[in-house]
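Inside the fold
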Amino acid sequence: MTKLIRGGTVVTASDTYQADILIEGERVIAIGESIDAQGVEVIDATGCYVFPGGIDPHTHLDMPFGGTVTADDFETGTRAAAFGGTTTIIDFCLTSKGQSLQEALTLWHAKAEGKACIDYGFHLMIAETTDQILEQLQDVVEQGVTSLKVFMAYKNVFQADDETLFKTLIRAKELGALVQVHAENGDVIDYLTKKALAEGNVDPIYHALTRPPTAEGEATGRAIALTALADAQLYVVHVSCAEAVQRIAEAREKGWQIYGETCPQYLALDITYLEKPDFEGAKYVWSPPLREKWNQEVLWSALKSGILQTVGSDQCSFHFAEQKELGRGDFTKIPNGGPLIEDRFTVLYSEGVHQGRISLNQFVDITSTKTAKLFGMFPKKGTIAIGSDADIVIFDPRIERTLSVESHHMNVDYNPFEGMKVHGEPVTVLSRGEFVIRDKQFVGQKGAGQFIKRAKFKRP
Ligand code: URP
Ligand code: ZN
Ligand code: ZN
């Protein structure tokens, strides 16, 4: 049935205005004042913002990591994402040496198909750059997987060397793909980690102390230098600190195609959380680690000025019981990552817009539009315009609530933002014209999400 969103304030990356939105099937077909409501289903958005659906550029669902598997799969993860106002995710497809890229992608499609409640795309990890792999990349890009990920950390697990990164950048330039890096110096971290353990320093805080900001700044700078040498394009994931921001800012000043993402945890939490007693610090183990608090304002101002363009959740959830607890007595065995897919959107609104750090339009740009542009989905996704997918969030900024494991929908036994008071809540969410969340209730369908074949990289 044709739907009409009536009475809300429409917000895009460039405009804020009062309008009704008419949706036919999967698309927006009209935007205007007082659209005739006869014979259509009316959705009242009075007092609410009407945002383009959030696009989360960074998730790890159903992913084996750290000797275990993430607690959220494509069903629970995308359902929670929808509750939080996200209508599209891009998940990381892992690969391993010796495996064909097609085999890896087929496995990731099987994880998502029939389970995802919202639309999804994939980034592809690059573990090696043999002639066969470089050849296979053409096919990968033609299938709409137009972003490639290289890990500069996690030695002996995912870490690739500079040659692999450089060859990936050169091939990406030829094929029109965007290269992403996890930028931390894995060799230095490996040394510092072994030293800490040898000295009997086993608590969660040593995860952060063995991954200093300079290890992130150095790797960020190195990745940028290799990108410049290859005349390619780079997106630095989960930027956590001022040293990395500085490198990105310098490169962008020179006009290089360098982009960056940060995550809610780096904007709202800090290194002291790793010192929580009774091993609770393990809940706050991310790589890169949480930093000293002053870095938060550097990240906010980088978002505001456009040095960083996006906020990803880096959703990589592990239960505290039995999963994070694997690292009791040895912080290196704590699975890295946390559950953020649900709260990314609201934390950015509340800490960003409500606190006056970013504008409403910047909020939309950061949570949706820029990701759609960088990752080949715009204008199908990332905006509210005639012809765009009707991925829409009706967000009530008047609601005040407290984030908690008691009320979240992620399949995990803690919430890193437990007790945090936030302003605003997505009350109704549509994905390609269908309700996924209606009046805060899940009414979507497992398997309704579609794979998004993304276009090649184009400078936004
Ligand atoms: O700690 C993190 N970030 N876990 C997820 C994997 C990654 O490095 O992105
Ligand atoms: Zn990473
Ligand atoms: Zn990640």
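**Description of the pattern of salt bridges**
- Under the definition given, this model contains 31 salt bridges.
- Ionic pairing is found between Asp 62 and Lys 111, a salt bridge with its closest N-O pair at 3.8 Å. Here Asp 62 is found in the loop between β8 (54–59) and β9 (64–65), whereas its partner Lys 111 is found in helix α2 (residues 101–112), with 49 residues between them in sequence.
- Among the salt bridges present, the one from Asp 190 reaches Lys 194, with a minimum N-O distance of 2.9 Å. Here the residue Asp 190 and the residue Lys 194 both occupy positions in helix α5 (residues 186–198), the gap between them amounting to 4 residues, near one helical turn.
- With a relative accessible area of 53%, Lys 194 lands in the exposed category.

**Examining the coordination of the zinc ion (ligand 2)**
- Only His 182 (ND1) and His 238 (NE2) from the protein coordinate the zinc ion (ligand 2), and they sit 2.0 to 2.1 Å from it.
- What the 4 donor atoms of the zinc ion (ligand 2) show is an angle range of 57 to 154 degrees at the metal, which sorts the shape as irregular.
- Among the residues examined, His 238 registers a relative accessible area of 2% and is labelled buried.

**Let's talk about the domain arrangement of the protein chain**
- Domain assignment breaks the protein chain into domain 1 (3–51 + 388–442) and domain 2 (53–374).
- Summarising the inter-unit geometry, the C-alpha centres of domain 1 and domain 2 are found 27 Å apart.
- Domain 1 puts 41 residues into the contact, and the matching count from domain 2 is 50 residues.
- Buried surface at the junction of domain 1 and domain 2, summed over both partners, amounts to about 3600 Å²; 64% is from carbon and sulfur atoms.
- Among the residues of domain 1 in contact with domain 2, His 409, Tyr 414 and Phe 417 are the three that bury the most area, contributing 19% of the side total.
- Here Asp 119 ties to Arg 432 by a salt bridge, and the two come within 2.7 Å at their closest N and O atoms.
- Taken together, the connections running from domain 1 to domain 2 amount to 19 residue pairs in polar contact (both at pLDDT 80 or more).

**A word on the site of ligand 1**
- By nearness alone, every residue bordering ligand 1 is listed as His 58, His 60, Phe 65, Tyr 154, His 182, His 238, Trp 286, Ser 287, Asp 314, Cys 316, Asn 336 and Gly 337.
- Between Ser 287 and ligand 1, the recorded distance is 2.8 Å, taken from a backbone N or O atom to an oxygen atom.
- For ligand 1, the accessible surface in isolation is 260 Å², of which the surrounding protein chains cover 100%.

**What to know about the coordination of the zinc ion (ligand 3)**
- Ligation of the zinc ion (ligand 3) by protein atoms is provided by His 58 (NE2), His 60 (NE2) and Asp 314 (OD), these donors lying 1.9 to 2.1 Å from the ion.
- Taken together, the 4 donor atoms coordinating the zinc ion (ligand 3) and their angles of 86 to 133 degrees define a geometry best described as tetrahedral.
- Summarised as a motif, the one-chain spacing of the donors to the zinc ion (ligand 3) is H-x1-H-x253-D.
- The distance between the zinc ion (ligand 3) and the zinc ion (ligand 2) comes to 3.9 Å.

How each quantity is defined
- Residues numbered from 1 in each chain as written.
- Chains lettered and ligands numbered in written order.
- Predicted model: local features only at pLDDT ≥ 70, side-chain atom pairs only at ≥ 80, totals over all residues.
- Heavy atoms only, no water.
- Salt bridge = Lys/Arg side-chain N within 4 Å of Asp/Glu carboxyl O.
- Helix = DSSP H or I, 4+ residues; strand = E, 2+ residues; numbered from the N terminus.
- Buried < 20%, exposed > 50% of the residue type's maximum accessible area, 1.4 Å probe, protein only.
- Donors = N, O, S within 2.8 Å, 3.2 Å for Na, K, Ca; no water.
- Tetrahedral: all angles 85-135°; square planar, octahedral: opposite > 155°, others 65-115°.
- Domains from an automatic or database assignment.
- Contact = heavy atoms within 4.5 Å.
- Buried area = accessible area lost by both parts, 1.4 Å probe.
- Polar contact = N/O pair within 3.5 Å; in protein donor to acceptor, adjacent residues only side chain to side chain.
- Near = heavy atom within 4 Å.
- Areas by Shrake-Rupley, 256 points an atom, 1.4 Å probe, with all protein chains shown as cover.

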